[in-house]
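# Architecture at a glance
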Amino acid sequence: MLYYKEYKSSEKRDWVVFVHGAGGSSSIWFSQLRDFKKHFNVLMVDLRGHGKSKDLLQKYYEDNYSFEFISQDILDVLDHLNIDKAHFIGVSLGTIIIRTIAEIAPDRVKSSILCGAITRLNVRSRILVFVGHMFKRFIPYMWLYKLFAWIIMPKKHHAKSRNLFIREAKKLYQKEFLRWFKLTNEVNPLLRYFKEKEVESPMLYVMGSEDYMFLPPVKQIVEKHKNSTLKVIENCGHVCNVERPGAFNRVSIQYLKAHS
């Protein structure tokens, strides 16, 4: 089972499950924990190959890398803790995992908050992925990861979130990075499907005004999906929960309370 940490204060409170992105760990939510514990039971998980789940059951995971299997890992933790239903908060690639959970187990999702959501790969990001696939076995994976981080979070005031993700990614094994990078092969068909099929549970997108690669397609999808809402945080890049934690926490907690 994945490594997890639960913060349970009351049986009557809703659960909030935090899902990090590729190359990160549950530690990226350090600026959220204190505020969210005041209102909810909180569950933090480290995805397979990441954080304290780094060495767990690697043999079992070898041939089971897909968004559906990775999503099931999280649902297995919920089953273990007897959590029937929860709110989910994810960042970057973690938003695709949450969207997958809403697809395969819609009855488990009360609402979702997607931070720095990936809903479509534009031309630039597709070129990045193509270059990555060409050179992934010939150059150190951290070169690729740093390149992606700089392109997605290029500005000076993005440095805090950029450096945090790079620091966490250094803890991955090269082999583990390659397994996750292989998932990019199934991203575009999956995202096209998600664009066409709306989930029934409420969904809030929290995006930075400077998230130039991923904000435009989110605006398009919110116009189409009636259960989705968009909140743009000004002067912020891809990782709002790290760059503007106060604003992110206020917006998110208010939304979850409205859907509890």
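Our subject is the structure listed above.
The shown structure was predicted, so the numbers you read here are calculated from the model rather than taken from an experiment.

Attention now moves to helix H1 (residues 30-37). Where H1 is concerned, the buried positions are Gln32, Leu33 and Phe36. Projected down its long axis, H1 carries its buried residues within an arc of 110°, all on one side. Away from its buried face, by an angle of more than 90 degrees, H1 presents the exposed residues Phe30 and Arg34. The secondary structure elements touched by the buried residues of H1 are strand S1 (4-7), strand S2 (15-19), strand S3 (41-45), strand S4 (86-91), helix H11 (240-243) and helix H12 (245-258).

Here we come to unusual backbone geometry. The phi angle of most residues is negative, glycine excepted, and most peptide bonds adopt the trans form. Positive phi, close to 60°, is recorded for asparagine 82, a residue that is not glycine. Secondary-structure assignment places asparagine 82 in the loop between helix H3 (67-80) and S4. The class of asparagine 82 is exposed, set by a relative accessible area of 70%. Look at serine 92: it is not a glycine, yet its phi comes out positive at around 55°.

Conventions used here
- Per chain, the residues get numbers from 1 upward, laid out in the order the sequence is written.
- This being a predicted model, a pLDDT of at least 70 is required before a residue's local features are given, and a value of 80 or more before pairs of side-chain atoms are given or counted; all residues contribute to the totals for chains, interfaces and linings.
- For the side-chain quantities, the full set of heavy atoms in the structure was used; hydrogens and water were omitted.
- Buried means the residue's accessible area, taken with a 1.4 Å probe over protein chains only, is under 20% of the maximum for its type, while exposed means over 50%, and partly exposed covers the values in between.
- Secondary structure is summarised from DSSP: a helix means a run of H or I of at least four residues, a strand means a run of E of at least two, and numbering begins at the N terminus for each.
- As used here, the arc is the angular range of directions from the helix axis to the C-beta atoms.
- Whether two residues are in contact is decided by their heavy atoms: any pair within 4.5 Å suffices.

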